[in-house]
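Chain by chain, the residues:
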Amino acid sequence: MSIASGTRGRHLTRRLVQLYAGLTLYGISSALLVLAGLGLEPWGVLHQGLAERTGLTIGVVSIVVGAVVLLLWIPIRQRPGLGTVSNVFVIGLAMDGTLALVPEIHGLPARIALLTLGIVLNGVATGLYIAARFGPGPRDGLMTGLHRLTGRSIRLTRTLIEIAVVTTGFLLGGSVGVGTVLYALSIGPLAQFFLRFFAVPEATAGAAPGDAADTAPETTAGGTPGATPEPCAVDAAVAPASPEGAILRR
């Protein structure tokens, strides 16, 4: 997928809204996990550790790491999409903005509530931006690229990358805790649920006006013409065949 690909069709406005709403919510949810102080998501651990060592904000570190990871796409022949490039900048800016506006939270019950809200919002955000189908984020594209290059399973590739990221981040001073474990256990099911909820019909999402895919009658999972596809049918079309869908395999 190139940066310009997928930017046509009658669902374009909806997909763009989903993309940028999702990336913004992702940054907000990551900031909430930082404020909760009970453990971050794997890449958040690395970002926080690097921020502690460099004196940069965690959002700026996220942008820098995203850009570096994107450079790693070159040797593994991954092609970025609009969502890939947007991911690098929007999430980091949203994180720093949220951390600047939301005060520190004290008390364990409030921190647990903030952790729960952050994880759920992260699932919503992941479903939004993946369902928009503008390309995977830099970190997820690294995973799918290595999967394609090595032939190893998505599950194994993702696990090895995240173990390396968490270990490095922890050694640098990043926060690993119960939140890290809860995130790892819950983000897959949450993202799958919200991917179905926010799914855009595959047949028309990338088609230009006048294309056969744009003018053909939509069908349900059972093949009935003229009806809106069921979300699960859309998800089935998106998830197995695309890089975005591969992100959610565990």
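The shown structure was predicted, so the numbers you read here are calculated from the model rather than taken from an experiment.

Novice: For the overall build of the protein chain, give the residues involved together with the corresponding values.
Specialist: What the protein chain contains, in helices and strands, is 12 helices and zero strands. In the protein chain, buried positions account for 48% of the 250 residues. Working note: accessible area of the protein chain is about 11,500 Å², and carbon and sulfur atoms make up 69% of it.

Novice: So what's going on with the confidence of the model for the protein chain? Residues and values would help.
Specialist: When pLDDT is averaged across the protein chain, the result is 81; 76% of the residues are at 70 or more. Confidence over residues 1-5 falls short of pLDDT 50; this stretch has 15 contacts with residues more than four positions distant or in other chains. Low pLDDT (under 50) marks residues 204-241, which in the prediction has 69 contacts with non-local residues, meaning those over four places away or in another chain.

Novice: I'd like to hear about the packing of aromatic side chains, residue by residue, with values.
Specialist: One pass over the structure, following the stated rule, counts five aromatic pairs. Each ring, one from F194 and one from F198, has its centre 6.2 Å from the other, and the planes form 20°; the classification is stacked. Residue F194 and its partner F198 are located together in helix α8 (residues 178-198), separated by four residues, close to a single helical turn. On the basis of relative accessible area, F194 is assigned to the buried category, the value being 15%. Between F197 and F198, the aromatic rings sit 5.0 Å apart at their centres with planes inclined by 90°, giving edge-to-face as the arrangement. Judged by its relative accessible area of 58%, F197 falls in the exposed class. Here a set of aromatic residues connected by ring pairs shows up, and it is made of F193, F194, F197 and F198.

Conventions adopted
Every chain is numbered independently, its residues counted from 1 as its sequence is written. With the structure being a predicted model, the display of local features is reserved for residues of pLDDT at least 70 and the display and counting of side-chain atom pairs for 80 or more, all residues being used for whole-chain, interface and lining totals. The basis for every side-chain value is the complete set of heavy atoms in the structure, and neither hydrogens nor water enter the calculation. Secondary structure elements follow DSSP: runs of H or I of four or more residues count as helices, runs of E of two or more count as strands, with numbering from the N terminus. Type-normalised accessible area, obtained with a 1.4 Å probe on protein chains alone, sets the label of each residue: buried when under 20%, exposed when over 50%, and partly exposed for intermediate values. Computed with a 1.4 Å probe, the accessible areas rest on the Shrake-Rupley method; for each residue, only the protein chains presented here act as cover. One confidence number per residue, pLDDT, is output by the predictor and ranges from 0 to 100. By the convention used here, residues are in contact when the closest approach between their heavy atoms is within 4.5 Å. Any two of the Phe, Tyr and Trp rings considered here, Trp counted by its six-membered ring, make a pair once their centres fall within 6.5 Å; the pair's planes then place it as stacked at under 30 degrees, edge-to-face at over 60, or tilted in between.

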